[in-house]
Amino acid sequence: MGEVGMGELGTGAALVCLGGVGRLYCARQQGLRRARLLLAAGGTAATGPPPGSGERAVAGLRRLTGRLGAEWWSLAAGLLLAVLGASVIPVVAGASGVPLLRRLRIARQARQSEDRRAEAVIALCGALAGEVRAGRQPGEALLRAERDCGGLGEAQAAVVAAARFGGDVPGALALAARRPGAEGLLGLAACWRVAVDQGAGLADGLDRLDGALRAERDQRADLRAQLSGARATALLLAALPVLGLLLGAAMGAHPLRVLLHTGAGLGCLAAGAVFEAAGVWWSGRIVRGAEAA
């Protein structure tokens, strides 16, 4: 009875919190409606939230979430389940999920930075080809293209100095190409070296390099689009146990009490967690292998 009472107390607290949030939202909507009526009648609204307060609150929440990281929602979910299930096991599980989710978030941000860097390199090659065709010298064309499009990132100072003062531009580009996503700068360095040493057309080489980089980008985007279905399927399968818990709670079976307070439930919970982790890891391994190939 004590365990059931704790579960009912947690559920009641959650409902009270939701009711309070709903009441605050309704009060805010009433204040906004009154302000609109007063302003439409030519008066001024003396009460209600200031204009844009909702947008500022949302922006502040987004900044807070971005600063803390979305992985902390795992701990929040663990705390909520701990209150509902009257057990510390969900808190431990939620806390253990924080570093894993942080690694996933950092990997996703690194992949996004890599994609942006690759796009910047493609834009730089196209702009440089246009500047060279306009009749500018390679050094001046590189300076103008970098100023307009970017693409060199942290190595901008070294490459710009080499182009402005007659230094080793291919070497500086090769150093800049070491960053993930900037590998196309190796092709730019090769085109530059061939054009300067052998007098070949730099614009033609840049056009071919630009076409090759765009084709590679389109192929990578097409592969990711084809793998998005596999990712969605793996995510759906990983979320099925949560759906099962919700259905059990809706039917009055008290799945949290069974899983967290009985020996058989703890054994099923441990086995399910192991199989869940293995399935997520294996599906991710398959997707990563397909991307690498």
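The model shown is predicted, which means the values in this text are computed figures rather than measured ones.

Here is what the cut-offs are and how they apply
Residues numbered from 1 in each chain as written. Predicted model: local features only at pLDDT ≥ 70, side-chain atom pairs only at ≥ 80, totals over all residues. Heavy atoms only, no water. Helix = DSSP H or I, 4+ residues; strand = E, 2+ residues; numbered from the N terminus. Buried < 20%, exposed > 50% of the residue type's maximum accessible area, 1.4 Å probe, protein only. Contact = heavy atoms within 4.5 Å. Patch = residues over 30% accessible without salt bridge, like charges linked within 9 Å, V, L, I, M, F, W, Y side chains within 5 Å. Areas by Shrake-Rupley, 256 points an atom, 1.4 Å probe, with all protein chains shown as cover. Salt bridge = Lys/Arg side-chain N within 4 Å of Asp/Glu carboxyl O. Axes fitted to C-alpha atoms, helices over the stretch in contact; angles between N-to-C directions. Parallel < 35°, antiparallel > 145°, perpendicular 65-115°, else oblique. Left-handed = near helix turned anticlockwise from the far one by under 90°. Nonpolar A, V, L, I, M, F, W, Y, C, P; charged D, E, K, R; others polar. Phe/Tyr/Trp six-rings, centres within 6.5 Å; stacked < 30°, edge-to-face > 60°.

(A) Structural detail: the overall build of the protein chain. Assigned secondary structure in the protein chain consists of 11 helices and 0 strands. Within the protein chain, buried positions represent 25% of all 293 residues. Restricting the contact set of the protein chain to residue pairs at least 6 apart, pairs at least 24 apart contribute 54%.

(B) Fine view of a nonpolar patch on the surface. A contiguous nonpolar patch, built from Leu-236, Leu-237, Leu-240, Leu-243 and Leu-247 and spanning about 490 Å² of accessible area, is present on the exposed surface. By secondary structure assignment, the location of Leu-237 is in helix α9 (residues 202-250).

(C) Layout of the packing of helix α4 (residues 89-133) against helix α5 (residues 138-149). With their axes 8 Å apart at the nearest point, α4 and α5 run at an angle of 135 degrees to one another. As judged from the angle between their axes, α4 and α5 are oblique. For the pair α4 and α5, the sense of crossing is right-handed. Listed contacts from α5 to Ala-123, Leu-124, Ala-127, Leu-128, Glu-131 and Val-132 of α4 are Pro-138, Ala-141, Leu-142, Arg-144, Ala-145, Glu-146, Asp-148 and Cys-149. Here the residues of the contact of α4 with α5 sort into 10 nonpolar, no polar and 4 charged.

(D) Quick peek at the packing of α5 against helix α6 (residues 156-164). Close contact between α5 and α6 brings their axes to 8 Å; oriented N to C, the two are set at 150 degrees. In this view, α5 runs roughly antiparallel relative to α6, as classed from their interaxial angle. You can see that α5 and α6 cross each other, and the crossing is left-handed. Across the interface between the two elements, Gly-139, Leu-142, Leu-143 and Glu-146 from α5 touch Gln-156, Val-159, Val-160, Ala-163 and Arg-164 from α6. Residue composition of the contact of α5 with α6, grouped by class: 5 nonpolar, 2 polar and 2 charged.

(E) Here's a closer look at the packing of aromatic side chains. For the structure on display, the rule yields 1 aromatic pair. Seen in terms of ring centroids, Trp-281 and Trp-282 are 6.0 Å apart; in terms of plane orientation they differ by 50 degrees. Their pairing is tilted. By relative accessible area, Trp-282 is classed as partly exposed at 46%.

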